[in-house]
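What follows is the residue order along each chain.
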Amino acid sequence: MRVDLLSLQRRGELVVATFAFTPSSVDDTPAALYHWLGNTLWSPFLVDTVNLRRHDVIEGQQRRYQSAYLGGKFASGQTWYAFAAFAAPPPEVTEMDVAVIDGAPVVAGVPLS
Amino acid sequence: MSSLRTVALVAAAAVLVPSAATADTPLDELPAPTSRELQASVHPLNRAVRHLSVRSVRQLSASVTELAQESSSEGERVLTLTSDILFGFDSSTIGERARQRIAGLVADLPKGAVVAVEGHTDSRGSDAYNRRLSTERARAVAAVVRRARPDLRLTVAGYGATRPVAPNTSHGQDDPVGRAKNRRVEIRIGS
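As the structure is a computational prediction, the values presented were derived from the model and not from experiment.

Parameters at a glance
Residues numbered from 1 in each chain as written. Chains lettered and ligands numbered in written order. Predicted model: local features only at pLDDT ≥ 70, side-chain atom pairs only at ≥ 80, totals over all residues. Heavy atoms only, no water. Helix = DSSP H or I, 4+ residues; strand = E, 2+ residues; numbered from the N terminus. Buried < 20%, exposed > 50% of the residue type's maximum accessible area, 1.4 Å probe, protein only. Contact = heavy atoms within 4.5 Å. Areas by Shrake-Rupley, 256 points an atom, 1.4 Å probe, with all protein chains shown as cover. Core = buried A, V, L, I, M, F, W, Y, C linked by side-chain atoms within 4.5 Å. Buried area = accessible area lost by both parts, 1.4 Å probe. Salt bridge = Lys/Arg side-chain N within 4 Å of Asp/Glu carboxyl O.

*Asks:* Help me get a handle on the overall build of chain B, residues and values and all.
*Replies:* When you go through chain B residue by residue, the secondary structure sums to seven helices and eight strands. Counting over 191 residues, chain B shows a buried share of 34%. Here the analysis covers contacts within chain B between residues at least 6 apart in sequence; of these, 67% occur between residues at least 24 apart. Summed over all atoms, the accessible surface of chain B reaches about 11,900 Å², with 55% contributed by carbon and sulfur.

Have a look at this one:
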């Protein structure tokens, strides 16, 4: 699975991250992100290394502020785009670490645009 | 071919046939698009965000976790440090800013207090791996505490995934929120 972090953008009180997922497999059966991640819920998070805080995807009463990981199906070699929204850190924070998927190294020091 | 499929193909063709003005026209011979046409042709990948509205500050603040949370358990004061903030993936190295924060957390403990530093992981990975990682992380935190407060009497242990504070799965499904809570180092201060 190739995962690209396309942007990490402040939008008022939110930070919105945009990702691209491109699986690579001998099995070309289309599947949702949940299945490509090994039947794991997609739950990215950010780390504010200045104030030492973890920022999870915002949860409302009925929904999480992210693309539906059970929504679209895509096959090996195809790219699926997704977003996730987080609470923005204080204004002095100019970069954050991004944990795109569980059990993988974070992308450190990503500038906020 | 069934008639239903034929009808469907005809209908699709009717939609897809380009207008006469654009069919096989070289790009150079097409009129320059207007700025409105240009804007209408670009779609942001995260356009769904435009329709989101955060209803309360509570939703925002609930999504943010501080490095340390304090609680009490069976007469002990417990400082729980979030591993996702403290450490990188598969790492037991603590950054300078976090070292300073930990030193501040133990600055006011009673002289000579008995303190247990205990590492924990989520349920992913083998037992051996989780034991080793949780022990290394507990040792790393203990080293910071010892440097800041050499008078404290420390014990250090790593329990791997054996002492979760939240479910790692829910209704048979992976629970990333629970797993995140379980990735922690606790500083337990005896009474």
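*Asks:* Give me the lowdown on the nonpolar core, citing residues and values where you can.
*Replies:* Residues and elements named next belong to chain A. Residues Leu-8, Phe-19, Phe-21, Leu-33, Trp-42, Leu-46 and Val-98 are the most contacted members of the largest nonpolar core, which totals 34 residues. If you list the elements that add at least two residues to this core, you get strand 2 (14-22), helix 1 (33-36), strand 5 (80-87) and strand 6 (95-99). A total of seven residues in this core trace back to one element, the largest contributor, which is strand 5. For Leu-46, the contacting residues outside a window of four places in its chain are Leu-8, Val-15, Arg-53, Arg-54, His-55, Phe-86, Met-96, Asp-97 and Val-98.

*Asks:* Run through the interface of chain A and chain B, naming residues and quoting values.
*Replies:* Facing the 35 residues of chain A at the interface are 30 residues of chain B. When chain A packs against chain B, close to 3,100 Å² is buried across both sides, 60% of that on carbon and sulfur atoms. For chain A, the biggest contributors to the area lost against chain B are Leu-52, Arg-54 and Tyr-65 of chain A; these three give 23% of the whole. Applying the counting criterion to the chain A and chain B interface returns two salt bridges.

Honestly, that's just the spatial picture; any functional story needs more than this.
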